[in-house]
Amino acid sequence: MKIPTVLTQYPVALIAAGLLLGGQLTACSPGAEQTEQIEKADQPSAATEGQAPGKASLSVELTPVEEKPVPLKLSVNGSVAAWQEAIIASQLNGVRIDSLRAEVGDVVKKGQTLAVFDQQTVNADLAQAKAGVAEAQAVFEQARLNADMIRKITEQGAVSAQERNQILAAEKSAQARLQSAKALQTQQEIRLRNTTVTALDDGVISARTATLGAVPAPGQELFRLVRQQRLEWQAEVTDAELARVSQGMVVTVFNEAEVIQGKVRTLSPVINAQSRTGMVYVDLPGAYAKGLKPGMYLRGEFNLGEQTATVIPQTAVIERDGFTYAFTLDEASSKVQRVKLRVNKVQGEFIEVLEGLKPGDKVVKSGVAFLAHGDLVKVVQ
């Protein structure tokens, strides 16, 4: 057989080497079945996936949603006012104030001297009145003697009826003048007592308009006194709220960090026709000593009893985007679910839940600020 010209140009050994190399390459190249087996080996099996879950982001403790009796309170605002204010006024006319012995804020006792008027003029008027009484007394005594004498001799017919009547009338006139003089003396004695202005009751001076050297008119206010240092809190409530308040009910009034316990003294007997509100008057014992002053505007709470409510700890609640949330647990996946809530006011360590949860549900007790919806967690006891 004749060898082709092309092959004759290459050595036999080189051709043999090429054939050998081609066989090795063919042996190293996998077939379609081998390629499928390799791809399957690279993919994790379903059993392997179930055995290697993701790592929990946080360890949490669950707490049940409970029903508890919680205090029922009515919160309103009101003003602090004096229980009663006594106005101490001038009772003299044309007499100047000689001294002042009390200032605003002074705590005074009943009968304590607050101011003194000039007594010289009043003493002179009293002396004149006493002299008038003495004169009238002498005139009356003489008229009485004359009357006694005329009564005796009249029986004997020594005097006429006209003379008798004149003497008896003079006696009565002298007696009337004596009574008038005594009344004038009493008036001057009262004026003398009124030159000393005293406290009408125990209390604290809340205002003073008296000025040293002034000559106040009768009835002009000199001092104003908060009787017995007794203050009250006056709250305006709606007619519906007023129906839930009763006399003697406990009320808590808040003054920054200070808390004052009071009791409802009385309720307004009428409702304002325009605003449909009524007043509640609450006694505040010891309010002055606790720093309260008339005119303060404070918040107060009426204790209306108790009611059963659905509650969770405050630590289980978080505020986000203007809404309130809590986190429950999907036990099958160990993932937390964010639940939107509608809540009421805080009750101590708990917060009342109106919608979103029911008694018996479980929520994450604390650390909710670090959780997001769908987070994988580990439950600890």
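About the thresholds
- Residues numbered from 1 in each chain as written.
- Predicted model: local features only at pLDDT ≥ 70, side-chain atom pairs only at ≥ 80, totals over all residues.
- Heavy atoms only, no water.
- Salt bridge = Lys/Arg side-chain N within 4 Å of Asp/Glu carboxyl O.
- Helix = DSSP H or I, 4+ residues; strand = E, 2+ residues; numbered from the N terminus.
- Buried < 20%, exposed > 50% of the residue type's maximum accessible area, 1.4 Å probe, protein only.
- pLDDT = per-residue confidence, 0-100.
- Contact = heavy atoms within 4.5 Å.
- Expected span 1.5 Å × (residues − 1).
- Pairing = 2+ DSSP bridges.
- Axes fitted to C-alpha atoms, helices over the stretch in contact; angles between N-to-C directions.

Some thoughts on the pattern of salt bridges
Okay, so step 1: Applying the stated rule across the entire model yields 17 salt bridges.
Okay, so step 2: Residue aspartate 125 pairs with arginine 191 through a salt bridge whose shortest N-O separation is 3.1 Å. Of the two residues, aspartate 125 sits in helix H5 (residues 120-154) while arginine 191 sits in helix H6 (residues 161-194), which places them 66 residues apart along the sequence.
Okay, so step 3: Residue classification places aspartate 125 among the partly exposed residues on the basis of a relative accessible area of 26%.
Okay, so step 4: What you see here is one network of salt bridges that share partners, running through Glu141, Arg144, Asp148, Arg151 and Glu171.

Topic: the confidence of the model for the protein chain
Okay, so step 1: With 84% of its residues at a pLDDT of at least 70, the protein chain reaches an overall mean of 84.
Okay, so step 2: Mean pLDDT in the protein chain bottoms out at helix H2 (residues 12-28), which sits at 36, and peaks at strand E7 (residues 113-117), which reaches 97.
Okay, so step 3: Contacts of residues 1-52 to residues separated by more than four positions or lying in other chains number five contacts, the stretch itself having pLDDT below 50.

Some words on H6
Okay, so step 1: For H6, with 34 residues, the first-to-last C-alpha span of 50 Å sits near the 50 Å given by 1.5 Å per residue.
Okay, so step 2: Of the residues making up H6, those classed as buried are Leu168, Glu171, Ala174, Leu178, Ala181, Gln185, Gln188, Arg191 and Asn194.

What to know about the sheet that holds strand E5 (residues 97-100)
Okay, so step 1: Strand order across the open sheet formed by three strands is E5-E7-E8, with antiparallel pairing between neighbours. On the outer flanks of this sheet lie E5 and strand E8 (196-198), each paired with one strand and no other. For this sheet, the mean inter-axis angle between neighbouring strands, taken without regard to orientation, is 20°.

Things to note about the pairing of strand E3 (residues 66-82)
Okay, so step 1: When E3 meets strand E15 (residues 297-313), the two strands line up antiparallel, connected through 13 bridges. Residue pairing for E15: lysine 68 is matched across the bridge by alanine 309.
Okay, so step 2: Sheet topology places E3 next to strand E11 (residues 231-238); five bridges connect them, and they run antiparallel. Bridge assignment links serine 79 to a residue of E11, and that residue is glutamine 234.

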